[in-house]
Amino acid sequence: MDLDRIQNMYYIGIGGIGMSALANYFNGKGLEVAGYDLVSSEITASLESSNVSITYIDAVDQIPSSFLDKDQTLIVYSVAVPKDNAIFNYFIENGYNIMKRSEVLGQVCNAADTTIAVAGTHGKTTTTSMIAHMLNHAGIDCTAFLGGVMQNGESNLRKGITDSIVVVEADEYDRSFLTINPTVAIITSMDHDHIDVYKDRGELESAFNQFANQTKSGGEIIVKEGVSLDVNTGVHQQCYSVNSSCKINASNIRIQENGYLFDFSGSKEDIANIQLNIGGKHNVENAVAAIAAVQNLNLNKEQITESIATFGGVKRRFEYHIKTANIIYIDDYAHHPEELKAFISSVRDLYPTKKLTGIFQPHLYSRTRDLMDDFVLSLELLDEMILLDIYPARELPIEGITSEAIAEKVNVAEKSVLSKEALIIAMKENEYEVVMTIGAGNIAALVESIKNVLQLKLNK
């Protein structure tokens, strides 16, 4: 569909992280933008402050009259929208132009001169944000669509002027990334996930291979060590790692108070003593991929070093809320066993003598069922484990798949399964050294309450 002739865009599921970035982007282009979401949030409030009309009532009479012109209106929907949504069905039944979010995003990306697309079952949000921040810091105009809210700029969208360069988080869920033909493709990981979309690992790998093979001729693929791809000729492929087994790597990694110092070796230029002021050794690895990508756009070592040092991270990715000598509180979005392992291990590296308490909310019944044993191994890295009930998202319960079932298997001396209300009561009664909230569900809504409880302990 020709987006240039569209004047109105209506987003169903506008509060989603990917949907809201697109809505914000087209609102900035001067289109009339409106939408529906089930609940209000900081994201929807931000859109509303930019004159985007949003309803939280699923009723046809809530659609603004200006959106009834079919020829000039495009309906954009999230795959998370339920099939019985009344507004969605009205647009379908009345023959409106309707596109998935990924299809619209693909058109924007493929119209750019250069598209840097970051894919992977984990690591992609931080890597994408690092690239966008480095280009912005170096004064290079780019538009960036992010899967999280970047601390630098407090947004999931970086608005460019010309859209000549687009940086995008390429999501593998629902095979969304297959709408993008990147100039530079990064693949950070390829662990089996999204079991509701990919029936087995082979299907997942096939989709990632298709994404990689959509890289434009003469382009570049930057892939994490251990990820095996079958890529057509005409594209330059390089691996990266946090050791010297790949040409693009980090070495001499040292822990410092605010993060890490490391040396970068690349195919174009080596850089010593890069300072990364966020936690997590996996973020050093993300930085290696990001640096390799921007070197394709000729950023020099001074620009790279300065921009990495000023990168503030992404909300809910190793995000500190309290950092004192007595109590540490970190919140993270980790929801796959490999992400849990990387996150908890990084916290252990930073605080080897302190007791680690992890509050984890499993995400999806199917993921919990199929990766149960892997979750158990990752959670056993904790000193104390507190589980919340499984966050269902789009799924119905599966018999026998519960947080209690996980707890029975986990070999940790201190473990419990608590409701959100019981958690806050327990936290008031007990003492903690390092607290971590972990998960991709609605556990984020507890962050302020937990922070307040811990702050009161500090003030005693």
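Everything that follows concerns the structure shown earlier in this document.
These numbers were taken from a predicted model, which means no experiment stands behind them. (Residues numbered from 1 in each chain as written. Predicted model: local features only at pLDDT ≥ 70, side-chain atom pairs only at ≥ 80, totals over all residues. Heavy atoms only, no water.)

### Quick look at the packing of aromatic side chains
The relative placement of two aromatic rings is captured by the distance of their centres and the angle of their planes. Considering all chains together, one arrives at 13 aromatic pairs under this definition. On the numbers, 4.9 Å between centres and 85° between planes, the contact of Tyr25 with Phe26 is edge-to-face. With a centroid separation of 6.2 Å and an interplanar angle of 45°, the aromatic rings of Tyr90 and Tyr96 are classed as tilted. One aromatic cluster in this structure is built from Tyr10, Phe67, Tyr90, Phe91 and Tyr96. In this arrangement the basic side chain of Arg317 is found over the ring face of Tyr333, its NZ or CZ atom lying 4.2 Å from the centre. Positioned over the ring face of Tyr320 is Lys323, at 4.4 Å from the centre of the ring. (Phe/Tyr/Trp six-rings, centres within 6.5 Å; stacked < 30°, edge-to-face > 60°. Lys NZ or Arg CZ within 6 Å of the ring centre and 35° of its normal.)

### Points about the packing of helix α9 (residues 337-350) against helix α11 (residues 372-379)
Angle between the axes and distance between the axes are the two parameters that describe a pair of packed helices. Running from amino to carboxyl end, α9 crosses α11 at an angle of 5°, the nearest separation of the two axes being 8 Å. Put simply, α9 runs roughly parallel to α11. Here Pro337, Leu340, Lys341 and Ile344 of α9 lie close against α11, whose contacting residues are Asp374, Phe375, Ser378 and Leu379. (Axes fitted to C-alpha atoms, helices over the stretch in contact; angles between N-to-C directions. Helix = DSSP H or I, 4+ residues; strand = E, 2+ residues; numbered from the N terminus. Parallel < 35°, antiparallel > 145°, perpendicular 65-115°, else oblique. Contact = heavy atoms within 4.5 Å.)

### Regarding the sheet that holds strand β18 (residues 356-360)
Sheet strands pair by backbone hydrogen bonding; their relative direction is either parallel or antiparallel. Strand order in the open sheet formed by six strands is β16-β17-β21-β18-β19-β20, and the pairing between neighbours is mixed. Two strands bound the open sheet, and with one partner strand each, they are β16 (319-323) and β20 (414-417). Ignoring strand direction, the axes of neighbouring strands in this sheet form an average angle of 15°. Pairing between β18 and strand β21 (residues 434-438): five bridges, direction parallel. Note that in β21 the partner of Gly358 across the bridge is Met436. (Pairing = 2+ DSSP bridges.)

### Digging into the pairing of strand β1 (residues 8-12)
In terms of burial, β1 is a largely internal element, five of the five residues being buried. Neither face of β1 is open: one carries Asn8, Tyr10 and Ile12, the other Met9 and Tyr11, and all of them are buried. Here β1 pairs with strand β4 (residues 73-77) via five bridges, running parallel. When the sheet's bridge partners are listed, Tyr11 is paired in β4 with Val76. (Buried < 20%, exposed > 50% of the residue type's maximum accessible area, 1.4 Å probe, protein only.)

### Here we look at the state of the cysteines
Applying the stated rule across the entire model yields one disulfide. Each disulfide pairs two cysteine sulfurs, and for Cys239 the partner residue is Cys246, the sulfurs being separated by 2.1 Å. Since a negative S-S torsion denotes a left-handed disulfide, the Cys239-Cys246 link at about -120° is left-handed. A relative accessible area of 4% places Cys246 in the buried class. Between Cys142, a cysteine without a disulfide, and Cys109, which holds the nearest cysteine sulfur, the sulfur-to-sulfur distance is 12 Å. (Disulfide = S-S within 2.5 Å.)

### Re the sheet that holds strand β9 (residues 165-169)
The strand order across the open sheet formed by ten strands is β8-β7-β9-β6-β10-β11-β12-β13-β14-β15, and the pairing between neighbours is mixed. Unpaired on one side and paired on the other, β8 (155-158) and β15 (271-276) mark the two borders of the sheet. Between one strand axis and the next, the sheet turns by 20° as a mean value, whatever way the strands run. Two strands pair when backbone bridges link them, and strand β12 (residues 236-241) and strand β13 (residues 248-256) are joined in this way by two bridges, in the parallel orientation. Within the sheet, the bridge partner assigned to Ser241 lies in β13 and is Asn249. The strands touched by helix α7 (residues 281-295) within the sheet are β6 (114-119), β10 (184-187), β11 (220-224), β12, β13, β14 (259-265) and β15, with β14 carrying the most contacts at an inclination of about 40°.

### A few points about the pairing of β10
Neither face of β10 is exposed, since Val184 and Ile186 on one face and Ala185 and Ile187 on the opposite face are all buried. Of the strand pairs in this sheet, β6 and β10 are connected by four bridges, and their pairing is parallel. When the bridges of β10 are listed, Ile116 appears paired with Val184. Pairing geometry for β10 and β11, over four bridges, is parallel. Paired with Ile187 across the bridge in β11 is Val223.

### Focus on the environment of Tyr240
Along the chain, the position of Tyr240 falls in strand β12. Note on Tyr240: relative accessible area 0%, which makes it buried. In the structure, Tyr240 is positioned 88 residues away from Asn152 in sequence and 26 Å away in space, judged by C-alpha atoms. With residues near it in sequence (within four places) discarded, Tyr240 still touches Ile187, Thr188, Ile222, Val223, Lys224, Glu225, Cys246, Ile248, Glu285, Val288 and Ala289.

### Some remarks on unusual backbone geometry
Positive phi values are uncommon outside glycine, yet Asp163 reaches one of about 60°. Of note, Asp163 is situated in the loop between β8 and β9. Classification of Asp163 as buried rests on a relative accessible area of 13%. Residues other than glycine seldom take positive phi values, yet Asp174 does so here, at roughly 60°. Assignment of secondary structure puts Asp174 in the loop between β9 and β10.

### Details of the side chain of Arg158
Mapping Arg158 onto the fold places it in strand β8. Within the structure, the side chain of Arg158 is placed 2.8 Å from the backbone oxygen of Cys142, a separation counted as a polar contact. Excluding anything up to four places from it in sequence, Arg158 contacts Asn136, Asp141, Cys142, Thr143 and Ala144. (Polar contact = N/O pair within 3.5 Å; in protein donor to acceptor, adjacent residues only side chain to side chain.)

### What to know about the pattern of salt bridges
According to the stated counting rule, one finds 14 salt bridges in the structure shown. A salt bridge links Lys100 to Asp174; its shortest N-O distance comes to 3.0 Å. Placement of the pair is Lys100 in strand β5 (residues 97-100) and Asp174 in the loop between β9 and β10, with a sequence separation of 74 residues. Since its relative accessible area comes to 27%, Asp174 is described here as partly exposed. The closest approach of N and O atoms between Lys355 and Glu384, which form a salt bridge, is 3.5 Å. Linking Lys355 in the loop between α9 and β18 with Glu384 in strand β19 (residues 384-387), this pair joins segments that are 29 residues apart in sequence. Note on Lys355: relative accessible area 24%, which makes it partly exposed. Given a relative accessible area of 12%, Glu384 falls into the buried group. Three or more residues are tied together by salt bridges with common partners; here these are Lys355, Glu384 and Glu414. (Salt bridge = Lys/Arg side-chain N within 4 Å of Asp/Glu carboxyl O.)

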